[in-house]
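Close look at the chain arrangement
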Amino acid sequence: MKKLLVLALVALGGLLVWRKVQADRAELDLWTEATGSDN
C-alpha cells in the first residue's frame, strides 16, 4: 500500500511538472510570435 501511495505522489508530481513545462512553452511561443513579427 505504501508503494502505491509513493507511486501516486510521483505520478502527480510528474504531471504538475509536465503541465508547467507546457505552459512555459506556450508562453514562449506567444512571446516569440508577438516580438518576431517585426522582421
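The following refers to the structure shown. The residue numbers shown here count from 1 along each chain, following its written sequence. Given that the model is predicted, a residue must reach a pLDDT of at least 70 before its local features are reported, and side-chain atom pairs must reach 80 or more before they are shown or counted; all residues, however, enter totals for whole chains, interfaces and linings. Each side-chain value is derived from all of the structure's non-hydrogen atoms; neither hydrogens nor water enter the calculation.

1. Some words on the overall build of the chain
A run of DSSP states H or I qualifies as a helix once it reaches four residues; a run of E qualifies as a strand once it reaches two. Both are numbered from the N-terminal end. In terms of regular secondary structure, the chain is built from one helix and zero strands. When its C-alpha atoms are laid out on the principal axes, the chain stretches across 60 × 10 × 5 Å. Exposure categories follow from relative accessible area, calculated using a 1.4 Å probe and restricted to protein chains: below 20% of the type maximum is buried, above 50% is exposed, and the middle band is partly exposed. Counting the 39 residues in the chain, one finds 0% classified as buried. Where accessible areas are quoted, they stem from the Shrake-Rupley method and a 1.4 Å probe; at the residue level, only the protein chains shown are allowed to cover. Of the roughly 4,000 Å² that the chain leaves accessible, carbon and sulfur atoms contribute 69%.

2. What about helix H1 (residues 2-35)?
Structurally, the α-helix is built with 3.6 residues per turn, so residues lying three or four positions apart point the same way. Given a rise of 1.5 Å per residue, 34 residues ought to cover 50 Å, and the 50 Å separating the end C-alpha atoms of H1 matches this to within 8%. Counting buried positions along H1 gives zero out of 34 residues, so the element sits mostly on the surface. In this scheme, a helix's expected span is set at 1.5 Å multiplied by one less than its residue total.

3. Considerations on the pattern of salt bridges
Salt-bridge detection follows one rule: a side-chain nitrogen of Lys or Arg within 4 Å of a carboxyl oxygen of Asp or Glu. In the structure shown here, the tally under the stated rule is one salt bridge. For the salt bridge of Asp24 with Lys20, the shortest nitrogen-to-oxygen distance reads 3.3 Å. Linking Asp24 with Lys20, this pair stays in helix H1, spanning four residues, or about one helical turn.

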